[in-house]
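Summary of the model geometry
As a plain string of letters, each chain reads:
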Amino acid sequence: MCDTFIALPQATEDGTVVFAKNSDRPKGETQSVRTYKGGRHGAGARLGCTHIEIPQARETYDVVLSQPDWMWGAEMGANSEGVVIGNEALWTAEPLGPPALLGMDLVRLGLERGGTAESALKTITVLLDEFGQGGACAENDPSFSYHNSFLLADARGAWVLETAGRWWVAEKVRAPVRNISNGLTIGTGYERCAPGLEDMANKRGWPLQDGRVDFAAAFGEGDGEANFSSRRVCGARLMERRLGKITPEVMMEILADHDGGICMHGDVETTASMVSRLSKTATHWMTGAPHPCQTPFRKVELP
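If you're wondering where the values come from, they're calculated on a predicted model, not measured in any experiment.

The rules we used
Residues numbered from 1 in each chain as written. Predicted model: local features only at pLDDT ≥ 70, side-chain atom pairs only at ≥ 80, totals over all residues. Heavy atoms only, no water. Pairing = 2+ DSSP bridges. Helix = DSSP H or I, 4+ residues; strand = E, 2+ residues; numbered from the N terminus. Contact = heavy atoms within 4.5 Å. Axes fitted to C-alpha atoms, helices over the stretch in contact; angles between N-to-C directions. Buried < 20%, exposed > 50% of the residue type's maximum accessible area, 1.4 Å probe, protein only. Polar contact = N/O pair within 3.5 Å; in protein donor to acceptor, adjacent residues only side chain to side chain. Core = buried A, V, L, I, M, F, W, Y, C linked by side-chain atoms within 4.5 Å.

**Points about the sheet that holds strand 10 (residues 84-90)**
In spatial order, the strands read 3-8-9-10-11-12-13-15; together these eight strands make up an open sheet with antiparallel pairing. Every interior strand has two partners, whereas the edge strands, strand 3 (31-36) and strand 15 (192-193), have only one. Pairing geometry for strand 10 and strand 11 (residues 147-154), over seven bridges, is antiparallel. Its bridge partner lying in strand 11, Leu-90 is registered against His-147. The strands that helix 1 (residues 103-113) touches are strand 3, strand 8 (63-68), strand 9 (76-79), strand 10 and strand 11; relative to strand 10, the one it contacts most, it runs at about 165°.

Have a look at this one:
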């Protein structure tokens with residue numbers, strides 16, 4: 001159910017930032033590469049997302065998206081400012097909410113409204129605070145719903161954002177490489193968190209460590225964690241073996257890995273993949289089709 005990777009300049013062959021993601025979705029779901037022009041929008045304009053309508057921003061950026069054909073949002077993408085975002089499904093101890101913004105909507109909104117990875121992070125968390133997340137995440141299965149984590153990056157660096165309902169924590173990536181799968185990974189080492197997170201923990205009687213919530217321990221669920229952890233460990237190991245030599249082509253090889261289950265086949269399959277090199281000018285490659293072990297990556301352009 002998705003794997004997302006980032007290699008910072010100290011890990012790459014040419015000193016750029018390299019991002020990669022596999023989008024794992026229900027078998028047979030189609031996903032297309034699409035571009036959308038940004039622009040200025042009038043006061044009071046509204047925007048229809050997958051399940052709800054929200055106010056439109058006054059200005060948006062051009063984007064290229066890998067987008068499931070039935071939804072407004074996207075699994076991954078990039079904008080004209082060199083920002084990239086990918087999301088991961090999470091099942092947490094926090095109850096699932098009613099139809100609201102999907103994680104995929106938040107990916108697209110972050111790209112359309114965020115001129116840097118950090119401002120995209122702020123965009124997503126503000127929208128999450130205001131509107132929440134929830135609703136069917138599959139076209140033909142209204143019961144299929146989940147929370148989300150995100151990896152956001154630009155040429156300056158990267159952030160990991162993990163959520164449970166409206167609660168969230170964000171960690172700036174400092175290690176040379178980082179990857180996320182479908183489990184919570186951030187404990188108490190977050191730089192930012194949802195307003196009132198620690199107060200909520202106190203009210204629920206959760207222990208704090210130096211005044212901080214262990215987010216992964218508090219909100220994590222055991223079901224499936226072993227599988228997610230195994231994929232995450234495998235992905236990290238594959239990047240660590242190539243430290244200092246990671247290129248977009250290396251990331252494409254990692255996305256095609258079968259031994260660790262990163263390239264998925266079956267009832268859930270890798271329906272599309274993306275790799276980006278981020279520097280003063282960004283370059284992006286997408287498959288727009290299943291199985292990076294078989295489908296070539298093609299360079300994509302913004303509108």
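**So, the pairing of strand 13 (residues 167-172)**
Here strand 13 lies mainly inside the structure; five of its six residues are buried. Pairing of strand 12 (residues 157-164) with strand 13 involves six bridges; the strand directions are antiparallel. The residue bridging Leu-161 from the neighbouring strand is Ala-170, located in strand 13. Hairpin connection from strand 12 to strand 13: two residues lie between these consecutive antiparallel strands, with Gly-165 at a positive phi of about 65°. Two strands pair when backbone bridges link them, and strand 13 and strand 15 are joined in this way by two bridges, in the antiparallel orientation. Its bridge partner being in strand 15, Val-169 is matched across the sheet by Cys-193.

**A word on the side chain of Ser-145**
If you trace the backbone, Ser-145 turns up in the loop between helix 2 (117-131) and strand 11. You can call Ser-145 buried: its relative accessible area is 9%. A distance of 3.0 Å separates a polar side-chain atom of Ser-145 from the backbone oxygen of Gly-135.

**Details of unusual backbone geometry**
Despite not being glycine, Asp-210 shows a phi value in the positive range, around 55°. Along the chain, the position of Asp-210 falls in the loop between helix 3 (197-203) and helix 4 (215-219). In this structure Asp-210 comes out as exposed when scored by relative accessible area, which is 83%. Of note, the phi angle at His-291 is positive, near 65°, even though the residue is not glycine. One can find His-291 in the loop between strand 17 (283-286) and strand 18 (298-300). Since its relative accessible area comes to 12%, His-291 is described here as buried.

**Digging into the sheet that holds strand 14 (residues 177-180)**
Strand order across the open sheet formed by six strands is 14-1-2-16-17-18, with antiparallel pairing between neighbours. With one partner strand each, in any of the chains shown, strand 14 and strand 18 form the two edges of the open sheet. Neighbour-to-neighbour, the strand axes of this sheet turn through a mean angle of 20°, independent of strand direction. As judged from the four bridges shared by strand 1 (residues 3-7) and strand 14, these two strands associate in the antiparallel manner. Note on strand 14: the bridge partner recorded for Ala-7 is Val-177. The strands touched by helix 6 (residues 248-255) are strand 1, strand 2 (17-26), strand 16 (268-278) and strand 17; relative to strand 16, the strand with the most contacts, the crossing angle is about 165°.

**Some words on the nonpolar core**
Counting 60 residues, the largest nonpolar core has Ile-6, Ile-85, Leu-152 and Leu-197 as the members making the most contacts within it. It is helix 2 that contributes the most residues to this core, seven residues altogether. Residues within four places of Leu-197 in sequence aside, it is in contact with Trp-167, Trp-168, Val-169, Tyr-190, Val-213, Phe-215 and Phe-219. If you look at the next biggest cluster of nonpolar residues, it comprises 19 residues, including Cys-234, Leu-238, Met-251 and Leu-255.

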